[in-house]
Amino acid sequence: MRPTRSLVFFTEFSTPELVVSVLAVREGRPEIAIGNVVGSNVFNVLFILGICALVRPLVVHAALVRRDVPLMIGVSLCFWLLALDGTLRPSDGALSMTM
């Protein structure tokens, strides 16, 4: 996929999650925003990838598994650790953005 098409595609499908999350935070319901982000990511990784694999076998390079899978697990664990105290602060968000 070309970069321009990718940007349009991903922007189009990410905008609803962004709008819901921003509105939820503005209305004082940050748990909705967190659930929306986490749920959307889990759905995209598991369901969408699974449907794609049903349609056409996916080729997964060993380098991808060695690099990206541990990275996803590590970032998920960091998010969990940041949320343990029940509050995500702006500094937590800044740290998350750097990962």
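You'll find the structure just up there.
Parameters and conventions
- Residues numbered from 1 in each chain as written.
- Predicted model: local features only at pLDDT ≥ 70, side-chain atom pairs only at ≥ 80, totals over all residues.
- Heavy atoms only, no water.
- Phe/Tyr/Trp six-rings, centres within 6.5 Å; stacked < 30°, edge-to-face > 60°.
- Helix = DSSP H or I, 4+ residues; strand = E, 2+ residues; numbered from the N terminus.
- Expected span 1.5 Å × (residues − 1).
- Bend = angle between axes of the 7 residues up to and from the residue.
- Buried < 20%, exposed > 50% of the residue type's maximum accessible area, 1.4 Å probe, protein only.

Chemist: Teacher, can you tell me more about the packing of aromatic side chains here?
Modeler: Two aromatic rings are characterised by how far apart their centres lie and by the angle between their planes. Going through the model one piece at a time under the given rule, you end up with one aromatic pair. On the numbers, 4.8 Å between centres and 20° between planes, the contact of F43 with F47 is stacked. Residue F43 and its partner F47 are located together in helix 2 (residues 30-55), separated by four residues, close to a single helical turn.

Chemist: When you look at helix 2 in this model, what are you seeing that I'm missing?
Modeler: An α-helix turns once every 3.6 residues. As a result, residues three or four positions apart point the same way. Relative to the 38 Å expected for 26 residues at 1.5 Å per residue, helix 2 spans 37 Å between its end C-alpha atoms, a close match to the ideal helical length. Its maximal kink placed at N44, helix 2 deviates by approximately 30°. Every buried residue of helix 2 is accounted for by A33, N36 and S40.

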